[in-house]
Amino acid sequence: MSSTPGGERPMRAPLTTTHHHGHVLVREDINLGLIRISKNASTESKNRLGVERMVHYRDFTGPSVTFLRSPVKRFISSIPETMLRITYPEVAHLSRTDQVVCPEDVYFELCDIAKLDITTFADAYLALVEYAFFDAHHEPQTHFIYDRCMRPRINPHLYLVESFDAGIDDIAKRFNLPQLSDTRGNMGNEGGKKAEVGATPLKDLVRNITGTGVRKRLGAPGPLAVRYADELPAGNPTMGKMNTFSNRLSKELKEAQLPASFTRRVEALYAGDIELWQRVTQNTLGITLDQIDPFA
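Computed from a prediction, not measured in an experiment: that's the story for all the values here.

Caption draft 1: Representation of the packing of helix 4 (residues 118-131) against helix 8 (residues 239-255). Closest axis-to-axis distance for the helix 4/helix 8 pair is 10 Å, and the angle between their directions is 100°. By the angle class used here, helix 4 and helix 8 are roughly perpendicular. Taken together, the residues of helix 8 that come into contact with helix 4 (itself represented by Ile118, Phe121 and Ala122) are Leu249, Glu252 and Leu253.

Here is the structure:
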């Protein structure tokens, strides 16, 4: 982040185009909105809070909530997610809605570094993100709630992924939504792990017959297919197979002894996120952004 001409606030980098920025997901009763931040239990919070309809910040007057996460852990978690979804315009599939469409040079650089040993790969991946954010999965969390001059665009109640259930319980109590407690334990992609087969044998059979979901075959599977090329089946791989590779890369990253220099670079890249996350960590559940805004 660079300083503004007056020096009062940092300047935010341009937003990525891989997320519905500036929108909340709201409940049908419009009593609550959720700001989804990628890699911050966004799918789980959507399901638990029962939010479905997308509304722009400017058109929403009710209370909102969002979940923040340790920036270093979030960044490492984002790597296999991006590697799974990444594509570029000329080969993007209109039928696949989970794609991350990036410039072609970014895509091919990811393919070029894909087979490196895990430590060298992580270092090269970080260098590419340091150059420019190209996916919301690693885009700073502050981007989701601040404008380009780092002024809040919305004033959410703030919670932590690290104490997710406590946050959901507080939201239920604060906004009189007792039914939220009934959803406890119904985790979706727990720990970020991707589905490799259907949720049940019957669903897996149906998807196998229809070629949908994890049984969908991909024409351009991307850099993960480069990394694990020796294990690719004949023909186009299924989404489930690519999910297997994503889960394997996630495991490799978690088990890797990444150097302290890597962590320091991530911390420098996400200094604003760290400041905000620490302030939330030090305060009570559900504190609002305007009460602890580090850029005020």
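Having seen the model, we can carry on.
Caption draft 2: Here's a closer look at the sheet that holds strand 5 (residues 53-56). Strands sit in the order 5-3-4-6-9 across an open sheet of five strands; the sheet is mixed. In this open sheet, the two edge strands, each paired with only one partner strand, are strand 5 and strand 9 (157-160). Two elements, strand 4 (residues 33-34) and strand 6 (residues 64-68), share two bridges in a ladder whose sense is parallel. Following the sheet pairing, glycine 33 is matched in strand 6 by serine 64. Seen against the sheet, helix 5 (residues 164-174) touches strand 6 and strand 9 and runs at an angle of roughly 150° to strand 9.

Caption draft 3: Representation of the packing of aromatic side chains within the structure. For the structure on display, the rule yields 13 aromatic pairs. Each ring, one from phenylalanine 67 and one from phenylalanine 164, has its centre 4.8 Å from the other, and the planes form 40°; the classification is tilted. Remark: phenylalanine 164 occurs in helix 5 and phenylalanine 67 occurs in strand 6; sequence separation between them is 97 residues. Residues phenylalanine 67 and phenylalanine 164 agree in their burial class; the two are buried. Residues phenylalanine 121 and tyrosine 125 carry aromatic rings whose centres are separated by 6.0 Å and whose planes lie at 50° to one another, so their mutual orientation is tilted. Taken together, the positions of phenylalanine 121 and tyrosine 125, both in helix 4 and four residues apart, correspond to about one turn of that helix. Accessibility expressed as a relative area gives 0% for phenylalanine 121, which makes it buried. The buried category is assigned to tyrosine 125, whose relative accessible area is 0%.

About the cut-offs
Each residue is numbered by its place in its chain's sequence as written, counting from 1. Side-chain atom pairs in this predicted model are given and counted only at pLDDT of 80 or more, local residue features only at pLDDT of at least 70, and totals for whole chains, interfaces and linings cover all residues. By convention in this description, side-chain values take in all heavy atoms of the structure and omit both hydrogens and water. Axis definition: a line fitted to C-alpha atoms, limited for helices to the stretch in contact. Angles are taken between N-to-C directions and run from 0 to 180 degrees. Strands are runs of DSSP state E lasting at least two residues, helices are runs of H or I lasting at least four, and both sets are numbered from the N terminus onward. An angle below 35 degrees is read as roughly parallel, one above 145 as roughly antiparallel, one from 65 to 115 as roughly perpendicular, and any other as oblique. Should any heavy atoms of two residues lie within 4.5 Å, those residues are considered in contact. We call two strands paired when DSSP finds no fewer than two bridges between them. By convention, a stacked pair of Phe, Tyr or Trp rings (six-membered ring in the case of Trp) has centres within 6.5 Å and planes under 30 degrees apart, an edge-to-face pair has planes over 60 apart, and any other such pair is tilted. Residue burial is assigned from relative accessible area. The probe radius is 1.4 Å, only protein chains are included, and a residue is buried under 20% of its type maximum, exposed over 50%, and partly exposed in between.

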